Structures are given as structure tokens and as C-alpha cells.
Amino acid sequence: MTTTSEPGPRPRTTEPGAEHRTRFFDHRIPSLRAGRYVIGNRQTLKDVDGADRVIDATPQPFDVIQPRFSFDPTGINARFPVPDAVGTYSQTLAHINLDAPGLPWNRLLGPDQPDAVPWMALLLFREGELPEDPDAVGLVKADTVRRLLDPAGGSPGRPPALPPESLRPDEYDEQCATIFVPAAVFDAVKPLPVELGYLAHLREGGRPDATRAGDDPEPDEGELNAVLVANRFPAAAGGRHVAHLVSLEGFDEDLIAPAPTEGVRLVSLASWSFTTEPDSGVGFGDLCQHLATTDGTTPRPAEELRLRVPTTAPGNPVGPQQEALDRMAGGAVALPQRLESGERTVAFYRGPLTALPARRLPPAAATRLDSPGEALIYLQQYGVFDTAYAAAFTTGRTLALADAEFRAALLEFRSAARSAVRRLASHPELVARAATALTARQLTAPLAFEAFDRLLTGGDGRGGGARLTQALDQAGPQLRAGRRRTAARTRRTVGDVRAVLAEPGVASLLTQAAPDNFAKVTAWLDALRRLEGLDLSHLVPDARALPDEAIRFAYLDADWVRAAVDGALSVGVGHALDADLNALATGGGPVPKCAVLVNSSLVPNWPNTIVNGYVGQRVVEPVRDAVFGTQIRLLLYPEVVERFELAEPPRGLCFGIGDVGTIELREITGDRIGYPKGEFPRPAGFARFLRPGGRDVLNVDGAGDALVPALSTAHGLTGGRRISSAQFALQMIDAPQAQTFSRP
């Protein structure tokens, strides 16, 4: 489904792009079908008198053996729904994938049936429909082929009418599994012979398109599988279901006429059961459509998708009214405020998320904040405050005070940095080396150790150890003479210390004074820039801005985040030097640029929903993906995304209809085969393509409003032309649905 900020076409289901080739083929007709054959050889000789002499050789019988009453279950490649699955499948057509690509067509359904009609079908039954399996758990009756075909075998249901000459002698002793289907049930669910051809096809899943040669390569035999699809949807009310891959050989006449009153006994070649849960009528597509549209058709206007409280403006707003409307349009709300003087008034507040890009603060206001009072914005004309940045400062400070580990790391880092910068102020010769040769160890190690290291290494330019030898030689005479060496000490002011911070290389060197603690501080502040630690009330101060089953888009105010960072760093600040040292920790990662908030049951019910943000055709990965409570999801992006997509979690290739009662028409010709071309049907609703009787059986190509003719017309086929079984399978793919929101 696609929605834009302006009225447009009805939202539709789209399939996320696939890089792997999947092709569908109609059928695999064998050059020689399974059965009993005789090779006859006749030679005709010309006699000298011109008469023909015919010599007949002995007939040579042979059999083409293929599975008929059973086959190896290891030949089953896949089944959907998977055996014993529990889920909502009321819009899904069960299918089975067989390794042997020619198996459904290796024998004829009946003597007068076309080659393309398979002899097997996948039938779906519900609880209470099969007398021998009332709970639909997959119970079958095991018997031999001989007893199955014996009219007096004693089992209810008429067996298949197979010509005796078609059976090999050893087949009579084969074991087989059978099910008894009452006449009424069989007549309700049986596919017509013409429908059998549409319910079976070949699938090829080969190498990616980029590696294939030519426009239409030959099928990869190793990648071909036969697929049989059921013609019936599971019950919307839920319950246990059983799928049987049955042989319809010998029942070809019963497919076009009423079943015998005693019912039929079918050979079950494979079976499995699953449980479908009651369908609430609200699925992934329904929820996405509600997020994107107002009535299932009309896209929601862009203004409604912004994170702000809905307002009703007066006809001609005056100055104060317009000011309030403008601020609320940006995402602010009016809240009660109590001034320090005790007066009660109202003030505007908003969090870091804004409905419109926030106005950048003037350069004079972009300095470091030392208190929340400095961040208050007074609207003098109206006598009210904008408390957004003051609240941000307080929020950051509160979060920092609540985190003992961060507090300890911040205070220890500043303590180490203070000592280091004071040493630099007391020893100007170290400042000159800060940008090049000075190391963090030299900055933090005791000065006596540093002086002794210079004596050992000859740090004054002399040879190693020369200065130490001279000092030792002179020490004795100087002590005997009573001379003491004293160093002149100069008292340094705070101004001198702060001035050192402006020297080249000093700031980066001070960050290494306590590297582990500094890393903890910057990591915590980067998390704050991603709004970690903030609860939902900070992001959405009024629940009306993000109602249930809604999606909202917002910008991030970098100045709000900066104020929160200043608030966090204000913890434990005792004087101006501490505040200056805080600046060393403010150069962390960038602030995200935009946010998406989804408040929907999509979040708990489809936790693996795929979300994609795009700038042009480029995918932008979120810097944060978090869930608040049970059904509110927050995504932050480093750029303002132009398109945002919610995609249903992948579930493999299956068949059925979407939540809104439509399928995705796909191109069947040209170089864009398989690409979406619009929704079908319009108006939405698949009930018209179901057989009467309330058993949810698809009218594929029967009397009345059938699906195949309608799909053929939708693709512009006229003059009796029909889509093929492969093209039908392509249309019935129930691909993961996707909902796209485009930025105006």
C-alpha cells in the first residue's frame, strides 16, 4: 500500500523487492505417462511376385512405474501452513511443494481429460467434515489396494473406478492410506477438472537474475518443484484443519456430476493438520491501511501525520491566539506553571520532538547553560514563558543525578582534568609541548618521577645518564657547604588556569587524563543525544498528539538536546573551571534529525515488522529503535527521511489474499513479469469469487462470478483468451504487504 500527503490512488499492497529469481511454469507433461504398455514389431516383406508377406514379432510388454497409491514422504519439499502450525490463516490457501516436478501430470485423470489436468489435488477439510477424522487431526484408514478396490470391502464410500488392466499384479498388495468423504462435503469442495489445471504449477527458484544469461533461460531442472494449491480458505472462526493430497484418478466423472450418495473413498498420498485462530478481521494490512488512510481509500493529510495536538483555530485569530496556534503547530502544549514568586500562570512546553523544524537559537543564546533559569524564554508581549529548553536542562540534570555510575565517572574525570590543567598552568614549559611531545602519562605522573626520568634519559640534550652523574657528583659538596636548592614558586590564578585550556593541543590531551571515565561520560551523553533514558512523557507531553492506532513523524530539536546535555554536565560543578572542563565532553556524536512514532497493535502482534527509511533510493538505517510499553515504537534517523515503509515480516512464498480483501495484480508479459500493476478486485472484497454454500471454496473457473475469467479481463485478455496456470499462481501470491509514507 502506498500513501502520500495529498489525495491519490487507493493505497495498495506492494511487495518488497526480491533479488532472487523465481519463475512459474504451467505444467510438466511427460513424454510417456505412467501405465502399462506393449511394444509391437511388424515387418513387411515384398515377395518376388509382388505380394506382401507380414511377419509379427512377439509383443513386448513393459510398465512405466510412477507413484500411484503412495509415495516417499521425503519427496515433499515444503508445506504451508507448516504441520501443527497455529496462526491466523483464514486468508491463506494451503499448498504443498513436491520435489518431483512431473508427478502431478505423470498419469491422466481420466481417458477423456486433457493432458494439462493433473490427477491429484490438495483438499482442505475442517473439524466435523470427515466422519473417520472428526477432529481434523489427520487420521486415515490404512489398507491394501486390493481391499480398497473390492466393492465388498466393507469400508464406506465408493472406491476409485480404475480399469483392472491398468494395475500391475504387485500393486494390489501395496499399502495405501484412504479417507472417507461424504457426498455433500465432496460436492462442496471438489475442484472442477478445468480448475485442477489452475491449482497446480511448476516453480523454479534459481540463481539471482544478475547471473543468468539470455532473456529467457531454460529451466534449471535441479530447481524445479511441483506445487499444488488448495481451493479453499480455512474458517475465519478458527479451528483445526487437515489438508490431504488426494488422488482423483477414477473420479473424473464425479468431478462434473453429483457424487454418489454413499460418498467417496479417496487415496490420501500425504496429509498434515494445522490450527487457525479466529480472525478478528484486523490484520497487518488493515492496521497499516488505517495508519495511512482515513476511510481505507483517502490518504491522511500530511498535517495529520505530524506529532502535535489537534487544534481548532478560530476564524480570524488575533495576535495572542495566532501565537498560541503557531506554537502548538510546532508541537508545543500549554501547561500550568508556577513561578518562583508563587504566581500561577500557563507556559508553553514541548520535548525534543517537533512537528515543524525548530528555529535555531541566536548565536548569543548558543553558549553553555549553567542553570535552567538561563534557558527560559520570556514572551514579553504576552507575559508567558516558553519552558522547553529549561525543562530540557532539568531533564538532563535529573537523569544524571539518577545514574550513580555516570556521576562518579564525570566527577572523577573532572578531578583528574583539573589536576592536569593546574600542572600545565604551573609549568609553562609543559604547555609548549602539549600539542606535540607531551603525553598523558607525563601530564598525570608525579613531577618527581618526571624529573628523575629526565635525569636518566638526558632530557636536557646531554648523553643518557650524564646529567645524573653530574648531580650525584655535586650533591656531596653542596650538602657539606650547607647549600639548599630551592625553586621559585609562582601562585597561579583561576584566570591563568582557564587560559591554559585555550592553548593548542591542551583540550585533546586533557581528555586522556582519565580516559576510562571520559569514555563513560561521552558514551552516556551520546545515549542522551539518542533520547535514551527519557520516558514517553518527555517525548509526547500530551497523549492526544499520539492517539491509539496512529503514526506520527517529527523533527528533532538539536538545541533541546544540547540543553539536556548541559544539564547533565552541570552535576557537581563548583566553579568556572569545572564548567570549562565540561566542554571537553560535548563533542560527541551528532543528534538525530527526525523521528517516527508508531502507536499501534502492529508493535506487539508483528514484532518483526520491517521498517525502512529512504532518502531518494538510499536506505537510511535508524540510530535507535525502541519500544515504550507494549505498542509504541520509536525510530530515530540521522537524516530527514523522504519515505518511510512498514513491511510485513517475510513468511516465504504462499498463496492467498490480503487483509483488505484484494490481491496484487502482477505483470504477465514483457520484461517486467511479476512486477505489481495494481489491486484486484475493485472495489475490494473476495466474497464474490467464493462458491455459494458458506464453505469458503474458491470459484476458480466454474459457473457464475469466477476468478480466472475476471483476472483475464483485468489483464486485458479478450476473445476467449485466458491466463495460464503459471500466470494464475503469480497473481495469487500472498506477498508480505508494505505501507509507504512519503514526505511532502
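Residues numbered from 1 in each chain as written. Predicted model: local features only at pLDDT ≥ 70, side-chain atom pairs only at ≥ 80, totals over all residues. Heavy atoms only, no water.

**Q** I'm lost on the overall build of the chain in this one. Help?
**A** Of regular secondary structure, the chain possesses 20 helices and 33 strands. Counting the 744 residues in the chain, one finds 47% classified as buried. Partitioning the contacts of the chain with sequence separation of at least 6, the portion at a separation of at least 24 is 76%. Carbon together with sulfur atoms contributes 53% to the accessible area of the chain, which is approximately 36100 Å² in total. (Helix = DSSP H or I, 4+ residues; strand = E, 2+ residues; numbered from the N terminus. Buried < 20%, exposed > 50% of the residue type's maximum accessible area, 1.4 Å probe, protein only. Contact = heavy atoms within 4.5 Å. Areas by Shrake-Rupley, 256 points an atom, 1.4 Å probe, with all protein chains shown as cover.)

**Q** Mind showing me how you'd approach the side chain of Arg-529 here?
**A** Position of Arg-529 among the secondary structure elements: in helix α14 (residues 515–529). Among the polar contacts made by the side chain of Arg-529, one reaches the main-chain carbonyl oxygen of Gly-589 at a distance of 3.5 Å. In this view, Arg-529 contacts Val-561, Val-565, Ala-585, Thr-586, Gly-587, Gly-588, Gly-589, Val-591 and Pro-592; residues no more than four positions away in its chain are not counted. (Polar contact = N/O pair within 3.5 Å; in protein donor to acceptor, adjacent residues only side chain to side chain.)

**Q** So what exactly am I meant to see when it comes to the sheet that holds strand β22 (residues 384–386) here?
**A** In spatial order, the strands read β18-β19-β22-β21; together these four strands make up an open sheet with mixed pairing. Looking at strand neighbours, the two that pair on one side only are β18 (333–338) and β21 (377–379), the edges of this open sheet. Pairs of neighbouring strands in the sheet enclose a mean axial angle of 35 degrees, with direction left out of account. Across six bridges, the pairing between β18 and strand β19 (residues 344–349) is antiparallel. Within β19, the residue paired with Ala-334 across the bridge is Phe-348. (Pairing = 2+ DSSP bridges. Axes fitted to C-alpha atoms, helices over the stretch in contact; angles between N-to-C directions.)

**Q** What is the right way to read the pairing of strand β27 (residues 624–628) from this model?
**A** Burial along β27 is one-sided: the residues Arg-624, Ala-626 and Phe-628 are buried and none of Asp-625 and Val-627 is. Here β27 runs beside strand β28 (residues 632–637); their pairing, made up of five bridges, is antiparallel. Across the sheet, residue Ala-626 finds its bridge partner in β28, namely Leu-634. Connecting the antiparallel pair β27 and β28 is a turn made up of three residues, with Gly-629 showing a positive phi of about 65 degrees.

**Q** Sorry if this is basic, but what is going on with the sheet that holds β27 here?
**A** Sheet strands pair via backbone hydrogen bonds, and the direction of the pair is either parallel or antiparallel. In spatial order, the strands read β20-β23-β24-β28-β27; together these five strands make up an open sheet with antiparallel pairing. Two strands close off the open sheet at either side, each with one partner strand: β20 (353–354) and β27.

**Q** Help me understand the pairing of strand β4 (residues 42–46), please; the structure alone is not making it clear to me.
**A** The side chains of a regular strand alternate, first on one face of the sheet and then on the other. Sheet topology note: the β4/strand β5 (residues 52–56) ladder contains five bridges and is antiparallel. Considered in β5, the bridge of Leu-45 is made with Arg-53. Joining the antiparallel neighbours β4 and β5 is a turn of five residues, in which Gly-50 adopts a positive phi near 95 degrees.

**Q** Explain the packing of aromatic side chains here, please?
**A** Here the distance between the centres and the angle between the planes together describe a pair of aromatic rings. Evaluation of the coordinates by the stated rule reveals 14 aromatic pairs. Both rings, one in Phe-284 and one in Trp-606, keep their centres 5.7 Å apart while their planes meet at 70 degrees; by these two values the pair is edge-to-face. With a gap of 322 residues between them, Phe-284 in helix α4 (residues 284–292) and Trp-606 in the loop between α18 (602–605) and β25 (610–615) connect regions that are remote in the sequence. A residue is classified by how much of its surface remains accessible, and Phe-284, at 1% relative accessible area, is buried. With 4.0 Å between their ring centres and 20 degrees between their planes, Phe-406 and Trp-524 make a pair best called stacked. Here Phe-406 is found in helix α7 (residues 404–426), whereas its partner Trp-524 is found in helix α14, with 118 residues between them in sequence. (Phe/Tyr/Trp six-rings, centres within 6.5 Å; stacked < 30°, edge-to-face > 60°.)

**Q** How do you make sense of helix α5 (residues 319–329) when you look at a structure like this?
**A** Within α5 the residues assigned to the buried category are Glu-323, Leu-325 and Met-328. For α5, the elements touching its buried residues are β21. Positive backbone phi, at 115 degrees, marks Gly-331, one or two positions downstream of α5.

**Q** What is the right way to look at the packing of helix α6 (residues 388–401) against helix α16 (residues 558–569) in this model?
**A** The angle between the axes and the distance between the axes are what describe a pair of packed helices. Running from amino to carboxyl end, α6 crosses α16 at an angle of 40 degrees, the nearest separation of the two axes being 6 Å. One finds that α6 runs oblique with respect to α16. Here α6 and α16 pass one another in a crossing that is right-handed. Touching Ala-388, Tyr-389, Ala-392, Phe-393, Gly-396, Arg-397 and Ala-400 of α6 are Asp-559, Trp-560, Ala-563, Ala-564, Asp-566, Gly-567 and Ala-568, all from α16. In the contact of α6 with α16, the residues fall into nine nonpolar, two polar and three charged. (Parallel < 35°, antiparallel > 145°, perpendicular 65-115°, else oblique. Left-handed = near helix turned anticlockwise from the far one by under 90°. Nonpolar A, V, L, I, M, F, W, Y, C, P; charged D, E, K, R; others polar.)

**Q** It is not clear to me how α14 should be interpreted in this structure. Could you clarify?
**A** Since the α-helix advances by 3.6 residues per turn, residues separated by three or four positions end up pointing in the same direction. The terminal C-alpha atoms of α14, which comprises 15 residues, lie 21 Å apart, in line with the 21 Å expected from a rise of 1.5 Å per residue. The set of residues buried in α14 consists of Asn-517, Phe-518, Val-521, Thr-522, Trp-524, Leu-525, Ala-527, Leu-528 and Arg-529. Of the residues one or two after α14, Leu-531 is the one with positive phi, at around 65 degrees. (Expected span 1.5 Å × (residues − 1).)

**Q** So what exactly am I meant to see when it comes to the confidence of the model for the chain here?
**A** Summarising the model, the chain shows a mean pLDDT of 84, and 84% of its residues fall at 70 or more. Note on residues 207–214: pLDDT is under 50 here. Beyond four places in sequence and across chains, it has nine contacts. (pLDDT = per-residue confidence, 0-100.)

**Q** Explain the environment of Ala-200 here, please?
**A** Tracing the backbone shows Ala-200 in strand β14 (residues 200–208). On the accessibility criterion, Ala-200 (0% relative accessible area) is buried. Separated by 105 residues in sequence, Ala-200 and His-95 have C-alpha atoms that sit 9.5 Å apart. In contact with Ala-200, other than residues within four places in its own chain, are Asp-26, Trp-105, Pro-118, Val-227, Leu-228 and Ser-725.

**Q** What should I look at first to understand the environment of Leu-325 in this one?
**A** With respect to the helices and strands, the residue Leu-325 is situated in helix α5. When its relative accessible area of 16% is taken as the criterion, Leu-325 is described as buried. Separated by 14 residues in sequence, Leu-325 and Thr-311 place their C-alpha atoms 7.8 Å apart. In contact with Leu-325, other than residues within four places in its own chain, are Thr-311, Ala-313, Pro-314 and Pro-317.

**Q** Help me understand the pattern of salt bridges, please; the structure alone is not making it clear to me.
**A** Pairing between side chains becomes possible if they bear opposite charge and their charged atoms approach one another. In this structure the tally under the stated criterion is 35 salt bridges. For Asp-115, the salt bridge identified is with Arg-33, shortest N-O distance 3.3 Å. One end of the pair, Asp-115, is in the loop between β10 (95–98) and β11 (120–126); the other, Arg-33, is in the loop between β2 (20–25) and β3 (35–39), with 82 residues separating them in the sequence. Relative accessible area serves as the criterion here: at 11%, Arg-33 is assigned to the buried category. With a closest N to O distance of 3.0 Å, Arg-530 and Glu-532 form a salt bridge. Here Arg-530 falls in the partly exposed class, since its relative accessible area comes to 26%. One salt-bridge network, held together by shared partners, links Arg-68, Arg-168, Asp-170, Glu-171, Glu-174 and Glu-249. (Salt bridge = Lys/Arg side-chain N within 4 Å of Asp/Glu carboxyl O.)

**Q** Sorry, what's going on with the packing of α14 against α16 here?
**A** Closest axis-to-axis distance for the α14/α16 pair is 10 Å, and the angle between their directions is 145 degrees. Crossing handedness for the pair α14 and α16: right-handed. Mapping the contact onto sequence places Val-521, Trp-524, Leu-525, Leu-528 and Arg-529 in α14 and Val-561, Ala-564, Val-565, Ala-568 and Leu-569 in α16.

**Q** Looking at this structure, how should I read unusual backbone geometry?
**A** A cis amide bond links Phe-80 to the next residue, Pro-81, at an omega of -10 degrees. Here Pro-81 is to be found in the loop between β7 (76–80) and β8 (86–87). In this structure, the amide linkage connecting Arg-682 to the following residue, Pro-683, adopts the cis form with an omega of 0 degrees. One can find Pro-683 in the loop between β32 (676–680) and α19 (707–714). Positive phi, close to 55 degrees, is recorded for Ala-136, a residue that is not glycine. With respect to the helices and strands, Ala-136 occurs in the loop between β11 and β12 (141–144). Of note, the phi angle at Leu-531 is positive, near 65 degrees, even though the residue is not glycine. Along the chain, Leu-531 turns up in the loop between α14 and α15 (536–539). By relative accessible area, which is 1% here, Leu-531 ends up buried.

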